[in-house]
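Reading the structure
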Amino acid sequence: QTFRAGPARSVAPASTSSPTIAANEISPTGSTSSNWCGASDQVSCIEVTVTVQLDKFSAETSWSIGSSDGLTNFVARPTGYYETMQSQKIIETVSLPDDVLEYQFKITDFMGDGICCWAGNGWYSLYQGRDVYDESTQLFYGRGD
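Here the structure is a predicted model, which means the values were calculated and not measured.

Once that is clear, we can look at the overall build of the protein. In terms of helices and strands, the protein carries zero helices and ten strands. When the helices and strands of the protein are read in sequence order from the N terminus, they spell out β-β-β-β-β-β-β-β-β-β. When each of the 145 residues of the protein is scored for burial, the buried share is 46%. Of the contacts formed within the protein by residues at least 6 apart in sequence, a portion of 70% connects residues at least 24 apart. Total accessible area computed for the protein in this model is approximately 7700 Å², and 49% of it derives from carbon and sulfur atoms.

Structure (structure tokens):
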């Protein structure tokens, strides 16, 4: 799914914040990555918040945000990243370089059966900024099938 967010400016690698879990659960380890986004006044970034309702096979879920041309991957959560978070709702804010005209969000279920249906009622959404309760900031919503 492609999306646009923020104004156009300069390129920088992404920064990430630790995921938070909506139901008082412990977040996974290794949730930050080294980056330059926001490290100096010359680097300009935007924040987007990824929300994923995982199914009971959470370890199968992975996602990434990159450039729409597929040449650059800014942030990713690989298969296995959410292994201990079965059926949890993940809310994670990431910083992206703001000079990208269009971004690509990709979510994958390793087994190919989606994050819904018989394994749970999964879905995902993306918001510009941190406010996931303001519908006007929602960039898109997707069902888990």
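In this section: the pairing of strand β4 (residues 45-53). Most of β4 sits out of view: seven of its nine residues are buried. In this structure, β4 lies alongside strand β7 (residues 89-97), joined through nine bridges in antiparallel fashion. Residue pairing in the sheet places Thr49 in a bridge with Thr93 of β7. Looking at chain direction, β4 and strand β9 (residues 123-128) are connected through six bridges and run antiparallel. The residue bridging Val50 from the neighbouring strand is Leu126, located in β9.

Per the counting criterion, the structure on display carries seven aromatic pairs. With centroids separated by 6.1 Å and ring planes inclined at 70 degrees, the aromatic side chains of Phe74 and Tyr103 adopt a geometry described as edge-to-face. One end of the pair, Phe74, is in strand β6 (residues 73-77); the other, Tyr103, is in strand β8 (residues 103-109), with 29 residues separating them in the sequence. For the pair Phe74 and Tyr103, one class covers both residues: buried. Centroid distance Tyr124 to Phe140: 6.4 Å. Interplanar angle 75 degrees. Geometry classified as edge-to-face. Note that Tyr124 is positioned in strand β9 and Phe140 in strand β10 (residues 138-143), a separation of 16 residues in sequence. Just as Tyr124 is buried, Phe140 falls in that class too.

By size, the foremost hydrophobic cluster in this structure holds 24 residues, and its most contacted members are Phe3, Val48, Trp63, Ile65, Leu96, Tyr103 and Phe105. For this core, the secondary-structure elements that each account for two or more residues are β4, β5 (61-67), β6, β7, β8 and β9. At four residues, the largest contribution of residues to this core is made by β4.

Let's shift gears to the environment of Pro97. Here Pro97 shows up in strand β7. Accessibility expressed as a relative area gives 0% for Pro97, which makes it buried. A sequence separation of 52 residues divides Pro97 from Cys45, and the C-alpha atoms of the two residues are 4.5 Å apart.

Here we come to the environment of Val94. Within the secondary structure layout, Val94 lies in strand β7. Residue Val94 is classed as buried on the basis of its relative accessible area, which comes to 1%.

In this section: the confidence of the model for the protein. The predicted model of the protein has a mean per-residue pLDDT of 78, with 72% of residues at 70 or higher. Taken as a whole, residues 8-34 scores under 50 in pLDDT and shows 75 contacts with residues more than four places along the chain or in a different chain.

Even without a glycine there, the phi angle at Ser87 is positive, about 60 degrees. By relative accessible area, which is 39% here, Ser87 ends up partly exposed.

The rules behind these values
- Residues numbered from 1 in each chain as written.
- Predicted model: local features only at pLDDT ≥ 70, side-chain atom pairs only at ≥ 80, totals over all residues.
- Heavy atoms only, no water.
- Helix = DSSP H or I, 4+ residues; strand = E, 2+ residues; numbered from the N terminus.
- Buried < 20%, exposed > 50% of the residue type's maximum accessible area, 1.4 Å probe, protein only.
- Contact = heavy atoms within 4.5 Å.
- Areas by Shrake-Rupley, 256 points an atom, 1.4 Å probe, with all protein chains shown as cover.
- Pairing = 2+ DSSP bridges.
- Phe/Tyr/Trp six-rings, centres within 6.5 Å; stacked < 30°, edge-to-face > 60°.
- Core = buried A, V, L, I, M, F, W, Y, C linked by side-chain atoms within 4.5 Å.
- pLDDT = per-residue confidence, 0-100.

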